[in-house]
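Summary of the model geometry
Read off the chains here:
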Amino acid sequence: MPLRLIAYISEYTGKPENIGADLADIRRVAKRFNRENGISGVLFFLNNRFMQVLEGEAGTLSALLRKIEADPRHTHLSYLLNAPITQRELADWNMDTFHLTQSEVFRPQTLQAVTRIYTANVEPDARSFLTLLEDMLNDPEVLRIVNH
């Protein structure tokens, strides 16, 4: 089956004091499901938003995304990237979660602009996408241009 790379952002619907427990529950369930279904990925949380990057077989990811979309712990799910890939870049990442506390900008408009630039210039793969996000979100000049 063909492989796909999917990235999305969404807004957390829970109370701030519950995010630790919610992330632990997501990680626990996802690690088992992903291992059993050949899915790799990572989940970030910052400023009341999730960003998740997933790799796997197209059909399996479609089924998983239906579950993710129905999860009441988030809303306003917006896809950044949904592209075919030729190989996995996150094969060793079985749903790690990161609760970010730094001042990175995690606005949907910024991430969508970064994604447009990325897909216009390179063949998508998870590792380069995450590296690009990290580099761009940590460069104030790039953020000024993207957010202008």
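Everything below is about the structure printed above this text.
Description of the structure in this document. (Residues numbered from 1 in each chain as written. Predicted model: local features only at pLDDT ≥ 70, side-chain atom pairs only at ≥ 80, totals over all residues. Heavy atoms only, no water.)

1. Quick word on the nonpolar core
Condition: We define the nonpolar core as a collection of buried residues of types Ala, Val, Leu, Ile, Met, Phe, Trp, Tyr and Cys that are connected through side-chain atoms lying within 4.5 Å of one another. A 1.4 Å probe rolled over the protein chains alone gives each residue an accessible area, and that area as a share of the maximum for its type sets the label: buried under 20%, exposed over 50%, partly exposed in between. A helix here means a DSSP run of H or I that spans at least four residues, while a strand means a run of E at least two residues long, and both kinds are numbered starting from the N terminus.
Counting 16 residues, the largest nonpolar core has Met-51, Val-53, Leu-80, Leu-81 and Leu-130 as its most contacted members. Elements supplying a minimum of two residues to this core: strand 1 (3-12), strand 2 (40-46), strand 3 (49-57), strand 4 (74-85) and helix 4 (126-137). Formed by 9 residues, the second largest nonpolar core is a distinct cluster that contains Ile-6, Ile-39, Leu-61 and Ile-68.

2. Quick look at the side chain of Ser-40
Rule in force here: Two N or O atoms form a polar contact when they lie within 3.5 Å of each other; inside protein one atom must be a possible hydrogen donor and the other a possible acceptor, and for residues adjacent in sequence the pair counts only when both atoms belong to side chains.
Structurally, Ser-40 is set in strand 2. Engagement of the side chain of Ser-40 in a polar contact is seen with the side chain of Arg-88, the distance being 3.1 Å.

3. As for unusual backbone geometry
Excluding glycine, a negative phi dihedral is what most residues carry, and trans is how most peptide bonds are arranged. Phi is positive for His-76, close to 55°, though the residue is something other than glycine. Along the chain, His-76 turns up in strand 4.

4. A word on helix 2 (residues 58-70)
Under the convention used in this document: Multiplying one less than the number of residues by 1.5 Å gives the expected span of a helix. Contacts are assigned to residue pairs that have any heavy atoms within 4.5 Å of one another.
Here helix 2 contains 13 residues, and its C-alpha end-to-end distance of 19 Å stays within 8% of the 18 Å for a straight helix at 1.5 Å per residue. Elements in contact with the buried residues of helix 2: strand 1, helix 1 (19-37), strand 3 and strand 4.

5. So, the environment of His-76
By relative accessible area, His-76 is classed as exposed at 56%. Each C-alpha atom of the pair His-76 and Ser-10 lies 5.3 Å from the other, and the pair is 66 residues apart in sequence. If near-sequence neighbours (up to four positions away) are discounted, His-76 is found in contact with Ile-9, Ser-10 and Glu-11.

6. A closer look at helix 1
The terminal C-alpha atoms of helix 1, which comprises 19 residues, lie 26 Å apart, in line with the 27 Å expected from a rise of 1.5 Å per residue. Of the residues trailing helix 1, Gly-38 is marked for its positive phi of about 70°.

7. Brief notes about the pattern of salt bridges
Put simply, the test is: A side-chain nitrogen of Lys or Arg and a carboxyl oxygen of Asp or Glu constitute a salt bridge if their distance falls within 4 Å.
For the structure shown, the criterion picks out 5 salt bridges. A salt bridge links Glu-36 to Arg-32; the shortest N-O distance between them is 3.7 Å. In this pair, Glu-36 and Arg-32 both sit in helix 1, 4 residues apart, roughly one turn of the helix. Among the charged side chains, a salt-bridge network with shared partners connects Asp-25, Arg-28, Asp-71 and Arg-73.

8. A few points about the packing of aromatic side chains
Note the cut-off: Each Phe, Tyr or Trp ring (for Trp, its six-membered ring) is paired with any other whose centre lies within 6.5 Å, and the angle between the two planes then decides the class: stacked below 30 degrees, edge-to-face above 60, tilted in between.
Going through the model one piece at a time under the given rule, you end up with 4 aromatic pairs. Considering the side-chain rings of Tyr-8 and Tyr-79, the 6.4 Å spacing of their centres and the 65° angle between planes classify their relative orientation as edge-to-face. In this pair, Tyr-8 is assigned in strand 1 and Tyr-79 in strand 4, connecting sequence segments 71 residues apart. By way of ring pairs, the aromatic residues Tyr-12, Phe-45 and Phe-50 are connected into one cluster.

9. A short note on the environment of Met-1
Mapped onto the fold, Met-1 is located in the segment before strand 1. Between the C-alpha atoms of Met-1 and Ala-58, which are 57 residues apart in sequence, the distance is 7.0 Å. With residues near it in sequence (within four places) discarded, Met-1 still touches Glu-57 and Gly-59.

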